[in-house]
Structures are given as C-alpha cells and as structure tokens.
Amino acid sequence: MTSKDEEVTWDLKALFPSINDPSIEKAISEAKSSADSFERNYRGKIGSINADGLLRCFRELEDFDVKAGDIELFASLSFSANMTQPDVQALYDKVSKLEAQLGKQLAFFSLELGALVKTKPEMIADPVLASYRHMLERVQRRVPHQLSEVEEQVIIEKDQFGVQAWEELQSKWLNTRTFEVTVLGKKKSLSYGEANGLLPHPDRATRESANRSIYGLLGKDGEIFASALRSICNDWVTVSKRRKYSSPMESSLISNDTQEAIVENLLGAMNQNAGLYRHYLKLKAKLMNLPVLGNQDIAAPLPGSPPLKFTFTEAQANVVLAYTRFDTQYATAVKEMFSKRRIDVPPRFGKRNGAFCASWYRGKSAFVLDNFNGALTDVYTLAHELGHATQDYYVSRSQTIMNTAIPSIVAETASIFGELLLTDLLLDEAKSDEERKAVLSLVLDEAGMTAFQVTARVWFEQALYRSIEQDEFLDYATISRHWTEARDRIFGDSIMWLPEMEAEWTMKPHYFMANYRFYNYPYVYAQMFVYSLYERYLEEGKAFVPKLVNALSAGSSVSPLEIGKIVGLNVADPNFWKGGLKVFERFIIDLEMLT
Ligand SMILES: [Zn+2]
C-alpha cells in the first residue's frame, strides 16, 4: 500500500460537520419532536383512517425516517471507523438509546396498520395508495401471525435473557478459548480469531492442525452446544405454533417475500447438480497434486499461484473499469463513491473488521467501510460493496424510503453482479494462465461455498425440525449425524473429512441467534438468481442494461418474483435455476481447459 492509499478515508461532513457539532443535538431534538407529533396525530386513530389520511400518515413517517436516518447513520459510521474514541462512543451510545426509545414509541404504528389491513383489506388496492400497495400486501401476510401488544412485549422480554443468552454463550465460548496450532512446524497458542485465520493457510499441515485444533476443542464441549441448539430449536417450534406458522420456515419465507415452492425448487436444483461442485473439487485435487481433497483443502489457495497483489489505486481502476465496460451510466454511482469520498479504505486500530455498505437515503447515496489489504479477495470485496452502493443509488432515486426494505434474496443483486463484472475483466486482462487459474479457482471456491455448502446447511436445519417433530432427542451425536448427512449429500466422495469436522455446526453463529431461523437459503437464492441474470446479460448484451436498472430501481415496491419478471426471468419455473448453474459450469470448463 502506498502512502496515498492510506489517505483514502470517508468524509462524513455531508451528514454532520463534526462529532461535537451542535447541529447533531438540534437534529436529535427535532427527531424527538417529530416522533411526538406523529404519535399525537396517529396513535389510536389508524383503525379509522381513510386512504388519503393513510397516505399522509405514511409520508409523515417517511419524513421522520429520512431525518432520523441521518443521525443514526452518522453515529454508527463514526463508531465503525473509530470505536475507541470516547466522544464517538458517547454519541453512538446516545443515538442507540434514542433509536430504541423512538422504536418503542412508534411501535403502535405497525400494530395498528396490521389491524387496519385485517379489517379493511380493500384499502390495499386503493389507487391513492398505489405506490405502497406491495408494502401493504406484505403487512397483510404478516398480520395472521402477529400477537397482541402485550404478548409481543412479553416475547421480547423473555427472549432477552432466555433464547438470546445462548448466542452470548456461544460467542463467549469461542472468544475465551486457546487453540494449540502447529504453524509451519512451530507450536502456538492462539485465540479463536487467530486460529480461524489459518484455515486458508498455504501450508497444508498448518491448515490441518488449525482444523483439528478448532473443531476438536469444540467437539469436546459438544453436549453444551447441543443443549443450546436443542433449546433454540424447541423455543422456535413453540413460538411458531403460538404465531400459527404452518412450518418453522414460514417466518423466513414471509420476511423474504417468497414462497416455499420456489425455495424447494431451488434446493432441488442444487441437489440434482451437486455433481458439478464435486467435479470442481476433484479438479482442484488434481491441481493440488492430491488423490482427493481433505476438508482442509476446500478453501485453500492453489499451490504456486502467483501472488496477485493490488494497490488501492489499481483496485479502484479495475472496479471502475469493470462497471464501465458493462455500461458508462451504470458506473456513475461507483465513480461518485470515490469522487465524493464515501469509502473508508485502510485497516487501522479501533476500526471495525470486514466490509459493509450503508445506504444513505437522503443523500441518494451510500457509505462503504472497507479494510483493504491488497489481496485479490479485497478487490472483489470492493466490487461487491460498490454494487450495493449502485443499488442504493437507483433505489433512492425511484422509491420512497418505505419501499427500500429489500428482502435478502434480492438485496445482493447488484453486489454479486458487480463481482461477475470484475471476474470478466480480470479473466480478459490476465497476463498468464496461472493468473487466470487463480481468479477462476477463487470464484469457484466462493460460489461453491455460497451456493452448494449453504444448501447443506438448509437441509441440516430442516432435519433438526423433523427430528423434533418425530420426538427424537437432539443430543450432540444426533445433531452431528444430521450435519454430516446433509454435508455428504453435497460433497459425496469428493472430500476426505477429518473426524473432528462432525462438530463444524457448533461454530456457526447464525444457528445460535434468537429468532433467526432459516437465514441460509437466501444466500443460495441470491447467488443463483444473479448467475441467471448474468447468463441473460451474456445473451442479450446492451439491451439487458435498462432491464437491470429497472429491477434495481424497484426496491421493495414489488415482490422478488416480479423483480425477476422485469429482467425477463421466471423464478417460479422449476427449470429456472438451471440458468445460474450453467454459469457455474462454464467457469469449471474454463478452468479445466487451463489445466
Ligand atoms: Zn452483500
């Protein structure tokens, strides 16, 4: 990294001049009085409101959301960039409390709106409310599962020290253990984060040692994790019954605005085509000079691959070019993110790990937090996050803020598409076959993980609920059996598993999060949906550009099914998912031709 790269930090002045500026206090008291006046105007009154009144109510709430959004965004971005600075911490704490307080104060809105939609469903189709129609349809789908205000409050209160505590226990366990790993022949005692960071190490023995150490230690306390997961799943079954969900997955289907049949078709397609992924893993074994891959090799880099290193300036140039080659106008958001200093690039002490993109509705833009280290994966991260910024750019120009509640299954459309545009560019510009191989294997590793491995995790979660239904006791051995069975349906004979890997499920934080069941299939959906879009783009060329822009601009004003139709795709067709799998297959063929 050059010294110039280190200066690429974001400029939050467009939100507020500085962390101690009096305008923040002023904005906070304005937000509070807007919430007070909204409550005065509407509490207890939504049930008897007409369509014009409801429209005014939505607009008033949206005005409030946009303004409050600026304060919340400024506080959370400042905190993510500088978590150790006392005045930043103080502001973040203050704004978090304000958010919770305003949330509580305005909670009546969604309950009363639910009741209104239930008693007067004809309001949904009222032309006055046309742009909120789909939002109201989503409310209508949630209503039958809503409990009374008191019951909802009791659930929140019992979860806080009940089911939510399991998540804390799981992460505390991970963060208080020491792992003995042999790194390049030397024994080391490491934290979970450090040991985990060695899983893709270039040295095979180091990878094996890290795997054995992490999962061996987790497995020793397997019964503790089994107690946690068993309780979480049983709690969910109880709550689901009380909420009258027809299955443990229904809540997730509702929030993703999709249908069970669509998800089952998707999982079926992944099941039928698992052979593609196995074929890739066998090819990777050949490239690694191994008779068969061990599980420690799945995410390993290819031996002897060229050290692809990028300065931030080079990464920027590549990403801008990748987007511009698709379409000059489409690249506008990406270019603006750089020119308006909306990206915070260098890793530093006190800054949050990883990367994210936070939309800024009022600014019709976004902010990206990055931790750029110069690796090829970092260039992909940049292309990904700037895809989110592109989606924010289009949505904020076409939709009011209530229509920006985009479900996960389509929220990754522009980001994954951006990664594919980058792949295209990198393959075209690679200087050697070795470079091409490195790019392709990275792409296939990532896609294999997101699409195929995550499918196994959906099956695992489904198996847990089937077990409970059949009165099977979920102890460590039973849960681990469900895990390995689901895993083997995807991997077949393509991987030799270390025996410690039966405990792999114990380290996935999602399974231990309260009320977050079936978080997984949206990843598979998103990946395969965007691969299908990409296939469409290759077929249609430039004619595809406006369709993609329209799909991105729709936000949550229509369902994911309708978004598919905008680009000419029917996700309800059982054969639909084959299109995305074709793209995956082509990457494998390309890699095969280089070997
Ligand atoms: Zn993303």
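Scroll up a little and you will see the structure.
Values in this document were obtained by computation on a predicted structure and should not be read as measured data.

Reading the values: the criteria
Residues numbered from 1 in each chain as written. Predicted model: local features only at pLDDT ≥ 70, side-chain atom pairs only at ≥ 80, totals over all residues. Heavy atoms only, no water. Core = buried A, V, L, I, M, F, W, Y, C linked by side-chain atoms within 4.5 Å. Buried < 20%, exposed > 50% of the residue type's maximum accessible area, 1.4 Å probe, protein only. Helix = DSSP H or I, 4+ residues; strand = E, 2+ residues; numbered from the N terminus. Contact = heavy atoms within 4.5 Å. Pairing = 2+ DSSP bridges. Axes fitted to C-alpha atoms, helices over the stretch in contact; angles between N-to-C directions. Donors = N, O, S within 2.8 Å, 3.2 Å for Na, K, Ca; no water. Tetrahedral: all angles 85-135°; square planar, octahedral: opposite > 155°, others 65-115°. Phe/Tyr/Trp six-rings, centres within 6.5 Å; stacked < 30°, edge-to-face > 60°. Lys NZ or Arg CZ within 6 Å of the ring centre and 35° of its normal. Salt bridge = Lys/Arg side-chain N within 4 Å of Asp/Glu carboxyl O. Left-handed = near helix turned anticlockwise from the far one by under 90°. Nonpolar A, V, L, I, M, F, W, Y, C, P; charged D, E, K, R; others polar. Expected span 1.5 Å × (residues − 1). Arc of directions from axis to C-beta.

Observations concerning the nonpolar core
Phase 1: Judged by nonpolar contacts, the single largest core of 152 residues is most densely connected at Leu 386, Phe 417, Trp 505, Phe 529 and Trp 577.
Phase 2: Looking at this core, the element that brings in the most residues is helix α20 (residues 433–469), giving 17 residues.
Phase 3: Excluding its chain neighbours within four sequence positions, the residues that come into contact with Trp 577 are Ile 262, Asn 265, Leu 266, Ala 269, Tyr 525, Met 528, Phe 529 and Val 571.
Phase 4: Membership of the second largest hydrophobic core comes to 54 residues, among which are Ala 35, Tyr 42, Phe 58 and Val 95.

Let's talk about the sheet that holds strand β4 (residues 343–344)
Phase 1: Read across the sheet, three strands follow the order β4-β6-β5 without closing on themselves; strand pairing throughout is mixed. Since the sheet does not close on itself, it has two edges, and those belong to β4 and β5 (356–360), each with one partner.
Phase 2: Most of the contacts of helix α3 (residues 51–81) go to β5, to which it runs at about 155 degrees, and overall it touches β5 and β6 (365–369).
Phase 3: The sheet strands contacting helix α17 (residues 376–398) are β4, β5 and β6, and the helix crosses β5 at an angle near 15 degrees.

Looking at helix α23 (residues 544–553)
Phase 1: The buried count for α23 comes to seven of 10 residues, which makes it a mostly enclosed element.
Phase 2: Every buried residue belonging to α23 is among Phe 544, Val 545, Leu 548, Val 549, Ala 551, Leu 552 and Ser 553, and all of these are buried.
Phase 3: Against the buried residues of α23 lie α15 (312–326), α17, α19 (413–429), α22 (521–540) and α24 (560–566).
Phase 4: Once α23 finishes, Gly 555 follows within two positions and takes phi at roughly 55 degrees, a positive value.

Focus on the coordination of the zinc ion
Phase 1: For the zinc ion, the full set of protein donor atoms is His 384 (NE2), His 388 (NE2), Glu 412 (OE) and Glu 412 (OE), at a range of 2.1 to 2.7 Å.
Phase 2: Every donor counted, the four donor atoms about the zinc ion form angles of 51 to 140 degrees at the centre, which fits irregular coordination.
Phase 3: Of note, the donors binding the zinc ion are all from one chain and are spaced H-x3-H-x23-E. A residue pair is termed long-range when its members are at least 10 positions apart, and His 388 in helix α17 and Glu 412 in the loop between α18 (408–411) and α19 qualify at 24 residues.
Phase 4: Overall, His 388 belongs to the buried group, its relative accessible area being 16%.
Phase 5: Judged by relative accessible area, which is 24%, Glu 412 ranks as partly exposed.

Notes on the environment of Trp 497
Phase 1: In this fold, Trp 497 is placed in the loop between β7 (495–496) and α22.
Phase 2: Measuring from C-alpha to C-alpha, the distance between Trp 497 and Ser 359 comes to 41 Å, with 138 residues separating the pair along the chain.

Describing the packing of aromatic side chains
Phase 1: In the structure shown here, the tally under the stated rule is 42 aromatic pairs.
Phase 2: Between Phe 16 and Phe 74, the aromatic rings sit 5.2 Å apart at their centres with planes inclined by 65 degrees, giving edge-to-face as the arrangement. Remark: Phe 74 occurs in helix α3 and Phe 16 occurs in the loop between α1 (3–6) and α2 (22–42); sequence separation between them is 58 residues. Here Phe 16 matches Phe 74 in class, with each residue buried.
Phase 3: Each ring, one from Tyr 323 and one from Tyr 330, has its centre 5.9 Å from the other, and the planes form 10 degrees; the classification is stacked. No difference in accessibility class separates Tyr 323 from Tyr 330, as the two residues are buried.
Phase 4: Here a set of aromatic residues connected by ring pairs shows up, and it is made of Tyr 323, Phe 326, Tyr 330, Tyr 393, Tyr 394, Phe 417, Tyr 534, Tyr 537 and Phe 544.
Phase 5: One cation-aromatic arrangement involves Lys 364 over Tyr 361; the distance from NZ or CZ to the ring centre is 5.5 Å.
Phase 6: The cationic tip of Arg 397 hangs over the ring face of Tyr 393; the distance from NZ or CZ to the ring centre is 3.7 Å.

Quick notes on the pattern of salt bridges
Phase 1: One pass over the full model with this rule turns up 35 salt bridges.
Phase 2: In this structure, Glu 336 engages Lys 340 in a salt bridge whose closest nitrogen and oxygen atoms are separated by 3.5 Å.
Phase 3: Overall, the relative accessible area of 40% leaves Lys 340 in the partly exposed class.
Phase 4: Counted as one network, the salt bridges with shared partners bring together Arg 536, Glu 539, Glu 540 and Lys 547.

Quick notes on the packing of helix α14 (residues 274–287) against α20
Phase 1: Interhelical geometry of α14 versus α20 gives an angle of 140 degrees and a closest axis separation of 11 Å. In this structure, α14 meets α20 at a crossing whose hand is left-handed. Counting all contacts with α14, which are made through Ala 274, Tyr 277, Tyr 280, Lys 284 and Leu 287, the residues of α20 involved are Lys 437, Ser 441, Leu 444, Asp 445, Gly 448, Met 449, Phe 452 and Gln 453.
Phase 2: Here the residues of the contact of α14 with α20 are counted per class, giving seven nonpolar, three polar and three charged.

A few points about the pairing of β6
Two faces belong to every sheet, and in a regular strand the side chains alternate between them.
Phase 1: In terms of burial, β6 is a largely internal element, five of the five residues being buried.
Phase 2: Burial along β6 is two-sided: the face carrying Ser 365, Phe 367 and Leu 369 and the face carrying Ala 366 and Val 368 are both buried.
Phase 3: When β5 meets β6, the two strands line up antiparallel, connected through five bridges. Paired with Cys 357 across the strands is Val 368, a residue of β6.
Phase 4: Adjacent in sequence and paired antiparallel, β5 and β6 are bridged by four residues, among which Lys 364 carries a positive phi angle near 50 degrees.

So, α2
Phase 1: Counted at 1.5 Å a residue, the expected span for α2 with its 21 residues is 30 Å, and the 31 Å between its end C-alpha atoms agrees.
Phase 2: Restricting attention to buried positions, one finds in α2 the residues Ile 24, Ala 27, Ile 28, Ala 31, Ala 35, Phe 38 and Tyr 42. Seen along its axis, α2 keeps its buried residues to an arc of 100 degrees; they face one direction. Of the residues in α2, the exposed ones pointing more than 90 degrees away from the buried face are Pro 22, Lys 26 and Arg 40.
Phase 3: Lining the buried residues of α2 we find α3, α4 (86–105) and α5 (107–119).
Phase 4: Note on α2: the residue one or two positions beyond its end, Gly 44, has a positive phi of about 80 degrees.

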